[in-house]
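# Per-entry structural report
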Amino acid sequence: MSLIPRMLLALVSASLINASGAFASVSVRDVEFNRVDDQTSSDDWLECSIEVEVRRDTQDLTRRRPDYVDDLVVELMLGVESNVRGQNGFEFFEAEAALVSLKEGRHLVRFYLPPEIVERDSVRNEVHSFLIRLTRSGTVVEEQVSRELEGTNVLDSFLNRVDSEAAHNNAILLPQFKTPFRIAYPGKTPSFRDSGDRVGE
């Protein structure tokens, strides 16, 4: 699998932790975007790798073991610049990955935009804007946004457009296990719950 040099995008952290602090030990550490070749076509996919850290927490009574988290869902929302009939604009995408269980340490959760979208919208090693949301049992525990979404008004506008416009791009942004890259990183890929099946909902 060939990689085109990556671009590391700046993050702004907006941690949302409940009053008991039970969710404080799960966080996003890093995000990277790369164009990657799946070796089955001549065109590249856009890969988003999200590094999630799980820390031991003996005070979190929702865990079966203090060094494991069993109910984590990673959501990704993207804003991609596009040009339709000579008019500049944006396309919005969203997807989620529900993890089976994550052990204490750092893990990479990956999402992919297919090559047809990468070519159509001339996507390079970056997107215009993104939001990463971690939830446990339906409760938001952390959000990370790109620098373009730092302002509250800008973030609200982004979320409104995702809500209203991402539906027509439904199931285009994909978690790793639904792509040709499902076995691309042996030993470095967590297990997923299929169809967004969540614990505690």
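Quick caveat: nothing in here was measured; it's all calculated off a predicted structure. (Residues numbered from 1 in each chain as written. Predicted model: local features only at pLDDT ≥ 70, side-chain atom pairs only at ≥ 80, totals over all residues. Heavy atoms only, no water.)

## Details of the pairing of strand S4 (residues 44–54)
Selection criterion: Each residue is assigned to one of three classes by its accessible area relative to the maximum for its type, calculated with a 1.4 Å probe on protein chains only: buried under 20%, partly exposed between the two thresholds, exposed over 50%. A helix here means a DSSP run of H or I that spans at least four residues, while a strand means a run of E at least two residues long, and both kinds are numbered starting from the N terminus. In this description, strands pair whenever DSSP reports at least two bridges between them.
For S4, a buried count of 11 out of 11 residues is recorded, marking the element as mostly surrounded by other parts of the structure. Of the two faces of S4, both are covered, the one formed by Asp 44, Leu 46, Cys 48, Ile 50, Val 52 and Val 54 as well as the one formed by Trp 45, Glu 47, Ser 49, Glu 51 and Glu 53. Judged from the 11 bridges that link them, strand S3 (residues 26–37) and S4 form a sheet pairing that is antiparallel. Bridge assignment links Phe 33 to a residue of S4, and that residue is Cys 48. Pairing of S4 with strand S9 (residues 105–113) involves 9 bridges; the strand directions are antiparallel. By the bridge assignment for S9, Ser 49 is matched with Arg 110.

## Some thoughts on the side chain of Gln 144
Definition in use: Polar contact is defined as a pair of N or O atoms within 3.5 Å, subject to the rule that within protein one atom must be able to donate a hydrogen and the other to accept it, and that residues adjacent in sequence are counted only when both atoms are side-chain atoms.
Among the secondary structure elements, Gln 144 is positioned in strand S11 (residues 139–146). Engagement of the side chain of Gln 144 in a polar contact is seen with the backbone oxygen of Val 28, the distance being 3.1 Å.

## A closer look at unusual backbone geometry
The backbone of Ser 122 sits at a positive phi, close to 50°, despite the residue not being glycine. Following the sequence through the fold, Ser 122 ends up in the loop between helix H1 (115–120) and strand S10 (129–136). Positive phi, normally seen in glycine, also occurs at Ser 137, with a value near 50°. You can see Ser 137 is positioned in the loop between S10 and S11. Taking relative accessible area as the criterion, Ser 137 reaches 33% and is therefore assigned partly exposed.

## Structural notes on the nonpolar core
The test is simple: Nonpolar cores were defined as sets of buried Ala, Val, Leu, Ile, Met, Phe, Trp, Tyr and Cys residues, with membership established by side-chain atoms within 4.5 Å. A contact between two residues is defined here by any heavy atoms of the two lying within 4.5 Å.
Counting 33 residues, the largest nonpolar core has Ile 50, Val 52, Val 74, Leu 76, Leu 78, Phe 111 and Leu 113 as the members making the most contacts within it. The set of elements that each furnish at least two residues to this core consists of S3, S4, strand S6 (72–84), strand S7 (87–99), S9, H1 and S10. When neighbours within four sequence positions are excluded, Val 74 is seen to be in contact with Ile 50, Val 52, Ala 95, Glu 96, Ala 97, Leu 99, Val 109, Phe 111, Ile 132, Arg 133 and Leu 134. Within the second largest apolar cluster, 9 residues are counted, among which are Val 145, Leu 149, Phe 158 and Ala 166.

As far as function goes, none of this settles anything; it's purely spatial.
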